[in-house]
Amino acid sequence: MIEADLFVRQALERGFGLWSGVPCSYLKPFINHVIDDPAVRYIPAVNEGDAVAIASGSHLAGIRGVAMFQNSGLGNAVNPLTSLNNTYRIPVLLIVTLRGEPGAPPDAVQHGLMGPITTAMLDVLQIPWEYFPDEESKVSEALDRAITSMNGTSLPYALVMRKGSVAKKALKSSMEIRAPKVGRRGGAFFETEANASRSDMLKAILDAAGDDVPILGTTGYTGRELYAINDRSGNFYMAGSMGCVSSIGLGISTVRSGRVIAVDGDGAILMRMGALATNGYQRPENLVHIVLDNGMHESTGGQATVSASVDLCAVAAACGYRNVFETRSPEELRDLLSQHDLSGITFIRARTIPGSPENLPRPTQRPEELSKRFAAFLQNR
């Protein structure tokens, strides 16, 4: 195990001055360090492909770039890695975590396939790789090998990070989020602070939904809290596939009648914000898209998202959502969902405070069992 500052310092000495990434719990020490370290620049990316592109732009401008992300997001990075970095011969240093490593203790279910195929994917992408150094004496040599490869091929080089490679590091400062100063009730920002938890909002959604409305919970704590509050056959708990919950809801609402509720998160909606355009163009009358926004990637360590600077309600309205609301009150959310005349595709941004119940469980059913149960619920409505 190494200290994050040792690696970052040695990387900086070799010209790696810009870091970009998407959070993973394995990466938390790195993210915390580069946020705190004034000698390097950290840009949080909303998806892994953007992180690769940001690091590539830095390289073109004369500063070596690092893109770091979880292996579950390697697929999101395939496009720029193949059509940008390979085509234009732009080398960046990749740090890819190895969730679901074969032979390691069991991980979350969504890593079951990606863990065993991560290094094979890098091979197919023709990206040289090695395991991330877990001893201080190995850091310098690993970085030198990476630079030698990048200089020789003008292609990316990957360090595959296993669990426990980097010691924990607390965040001392906070990432500055430049939020708009002007608020307006009814469409976007207004001044009052959030005071309700994610669980409070989920309970309001369940109360308003009753027994007959399907509810999809995005990956992370949202799905797990939904499960803990009320495990019902009409619930679908996302594991992985970050940012896809509203698109699944669109598919359901297009072919089935009756209301469909897709519960998103701020980090997830930012990752695939283009889905709003498709949803708004299709305009299913029965889709309700709710974003529980606490301003952070909470399940991966509490790193800030950029949601505070984004007028998500205005984005939804511009994309064609018929009804757009913002609330910080579970009671108001329940009242909104209880309106029988709430027709047309609907977007609700519900501001929440950080925090999750202790010892939060994961569903005990296998994912394929949950999928079949949910499909039976939909098809028997």
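Residues numbered from 1 in each chain as written. Predicted model: local features only at pLDDT ≥ 70, side-chain atom pairs only at ≥ 80, totals over all residues. Heavy atoms only, no water.

## Describing helix H13 (residues 330-338)
Because the α-helix completes a turn every 3.6 residues, residues three or four places apart line up on one side. Put simply, the rule is: Working definition: with a 1.4 Å probe on protein chains only, accessible area under 20% of the residue-type maximum means buried, over 50% means exposed, and in between means partly exposed. Secondary structure is summarised from DSSP: a helix means a run of H or I of at least four residues, a strand means a run of E of at least two, and numbering begins at the N terminus for each. Note: the arc covers the axis-to-C-beta directions of the helix. Residue contacts follow a heavy-atom distance rule, with two residues in contact if any of their heavy atoms lie within 4.5 Å.
When H13 is considered as a whole, its buried residues turn out to be Pro-330, Leu-333, Leu-336 and Leu-337. Buried residues in H13, looked at end-on, bunch into an arc of 120°, giving them a common side. Where H13 is buried, its residues meet helix H7 (198-209), strand S10 (287-293), strand S13 (323-327) and strand S14 (346-351).

## Quick word on the packing of aromatic side chains
Selection criterion: Ring pairs are drawn from Phe, Tyr and Trp, using the six-membered ring of Trp, whenever the two centres fall within 6.5 Å, and their geometry is named by plane angle: stacked under 30 degrees, edge-to-face over 60, tilted for the rest.
For the coordinates displayed, the defined rule picks out 9 aromatic pairs. For the pair Phe-7 and Trp-19, a centre-to-centre distance of 6.3 Å together with 80° between the ring planes defines the contact as edge-to-face. Here Trp-19 lies in strand S1 (residues 16-21) and Phe-7 lies in helix H1 (residues 4-13), a separation of 12 residues in the sequence. Residue classification places Phe-7 among the buried positions, given a relative accessible area of 0%.

## Focus on the nonpolar core
The condition is simple: Only buried residues count toward a nonpolar core, which is a set of Ala, Val, Leu, Ile, Met, Phe, Trp, Tyr and Cys residues joined through side-chain atoms within 4.5 Å.
Phe-7, Trp-19, Phe-30, Met-68, Leu-93, Ile-95 and Phe-132 are the most contacted members of the largest nonpolar core, which totals 30 residues. If near-sequence neighbours (up to four positions away) are discounted, Trp-19 is found in contact with Phe-7, Val-8, Ala-11, Phe-30, Val-34, Val-40, Arg-41, Tyr-42, Ile-43, Val-66, Met-68 and Ile-95. Formed by 24 residues, the second largest nonpolar core is a distinct cluster that contains Ile-269, Leu-312, Tyr-321 and Phe-377.

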